[in-house]
Each structure stands twice: as structure tokens, then as C-alpha cells.
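This is what each chain is made of:
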Amino acid sequence: MARKCIGCGKPIGGVLGAIGTKLFYGEVCLSCNKKLKDIMGYQYLTPTQVNDIISNRVQKQDVKVESPFFNSGSSGTNDPGANKASSADEIRKYKELLDEGIITQEEFDIAKKRLLGL
Ligand SMILES: [Zn+2]
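Definitions and cut-offs
- Residues numbered from 1 in each chain as written.
- Predicted model: local features only at pLDDT ≥ 70, side-chain atom pairs only at ≥ 80, totals over all residues.
- Heavy atoms only, no water.
- Helix = DSSP H or I, 4+ residues; strand = E, 2+ residues; numbered from the N terminus.
- Buried < 20%, exposed > 50% of the residue type's maximum accessible area, 1.4 Å probe, protein only.
- Contact = heavy atoms within 4.5 Å.
- Areas by Shrake-Rupley, 256 points an atom, 1.4 Å probe, with all protein chains shown as cover.
- Core = buried A, V, L, I, M, F, W, Y, C linked by side-chain atoms within 4.5 Å.
- Domains from an automatic or database assignment.
- Salt bridge = Lys/Arg side-chain N within 4 Å of Asp/Glu carboxyl O.
- pLDDT = per-residue confidence, 0-100.
- Phe/Tyr/Trp six-rings, centres within 6.5 Å; stacked < 30°, edge-to-face > 60°.

**Some words on the overall build of the protein**
For the protein, the count of helices and strands is four helices and four strands. Put simply, the protein has 118 residues, and 31% of those count as buried. Considering only contacts within the protein whose residues lie at least 6 apart along the sequence, 34% involve residues at least 24 apart. Of the roughly 7,900 Å² that the protein leaves accessible, carbon and sulfur atoms contribute 54%.

Set out below in C-alpha cells:
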């Protein structure tokens, strides 16, 4: 139940613990966050990717982030009506992420626009 940095494994949280930054797949401590944050969409790095970057197994510029916000989306849904219904659900999900502070207002707006096809 103790929260740990997915980069270096340092405990996060609690009175004596380090302050962490919440990413999509877990939390990282501030020093790991510093190494990650110049990567586009670093919030969506998987724990494995985070670990590889922190331990210098991969170069930051070689890391490819899989994210709903930075992938320009799948093409060709042939039922726009059905697509719209699921968009609302998606937006709701992103709103939760926004409320939890996992994504920023700006990212939420981008996702929303994309989902609404604006
Ligand atoms: Zn760390």
C-alpha cells in the first residue's frame, strides 16, 4: 500500500516521504519527474519506460509515448452516430483524469475537441 516512485522505487507520500507527481500509470518522485518532463506527453509513459529512462537504458529522444492526446487518432470509424455516443463517455473519463490532476485543463480541452471532432 505504500506508494513508490515508478522510476527509482523511492517511497512517495506520507509525512516523511518524498513528494510525488502523479502520472497515468503511477507516481514518480520529483527528481525522476525532472528527468521525464521534457518528454512530450511524459505523463503517459509506462512504468517500464520510466524505469528505462531513469536508469539511462534508453535515450529520452528514443522514447515514444503512447497517449490518447498525442496519437493523432485512428481513422475511419464508419458509424458517426455510435462514435458520438462513445465520445461522451471518453470525455467523461478525461474529466475524471482532469479532476484527479493527472491531466491539465489544456490537455483535457485538446482531447475534448478531438473527440467532438471540432
Ligand atoms: Zn524516483
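**So, the nonpolar core**
Soluble globular proteins tend to bury their nonpolar side chains together. Residues Leu-23, Val-28, Leu-36, Ile-39, Leu-45, Val-50 and Ile-103 are the most contacted members of the largest nonpolar core, which totals 25 residues. Mapped by element, the contributors of at least two residues to this core are strand 4 (27–29), helix 1 (30–36), helix 2 (47–54), helix 3 (80–99) and helix 4 (105–116). By residue number, the principal contributor to this core is helix 3, which donates four residues. When residues are assigned to domains, this core turns out to be shared by domain 1 (3–62) and domain 2 (80–116), each giving three or more. Residue contacts for Leu-36: discarding those within four places in its chain leaves Leu-23, Val-28, Tyr-42, Leu-45, Val-50, Ile-53 and Ile-54.

**So, the pattern of salt bridges**
The tally for this structure, following the rule as stated, stands at six salt bridges. In this structure, Glu-27 and Arg-3 form a salt bridge, with 2.8 Å as the shortest nitrogen-oxygen distance. With Glu-27 in strand 4 and Arg-3 in strand 1 (residues 3–4), this pair connects stretches of sequence that are 24 residues apart. For Glu-27, a relative accessible area of 14% puts it in the buried group. Its relative accessible area of 42% is what places Arg-3 among the partly exposed residues. Of the charged contacts in the structure, one is a salt bridge between Glu-90 and Lys-93, with a shortest N-O distance of 2.9 Å. Taken together, the positions of Glu-90 and Lys-93, both in helix 3 and three residues apart, correspond to about one turn of that helix.

**Observations regarding the confidence of the model for the protein**
The share of residues in the protein with pLDDT of 70 or more is 81%, and the mean pLDDT across the chain is 83. Mean pLDDT per element in the protein: helix 3 is the minimum at 80, and helix 2 is the maximum at 94. Contacts of residues 73–77 to residues separated by more than four positions or lying in other chains number one contact, the stretch itself having pLDDT below 50.

**Some details on the packing of aromatic side chains**
In total, this model carries two aromatic pairs according to the counting rule given. Their ring planes at 55° and their centres at 5.4 Å tell us that Phe-24 and Tyr-44 sit as a pair that is tilted. Linking Phe-24 in the loop between strand 3 (20–22) and strand 4 with Tyr-44 in the loop between helix 1 and helix 2, this pair joins segments that are 20 residues apart in sequence. Taken together, the aromatic side chains of Phe-24, Tyr-25 and Tyr-44 make up a single cluster linked through ring pairs.

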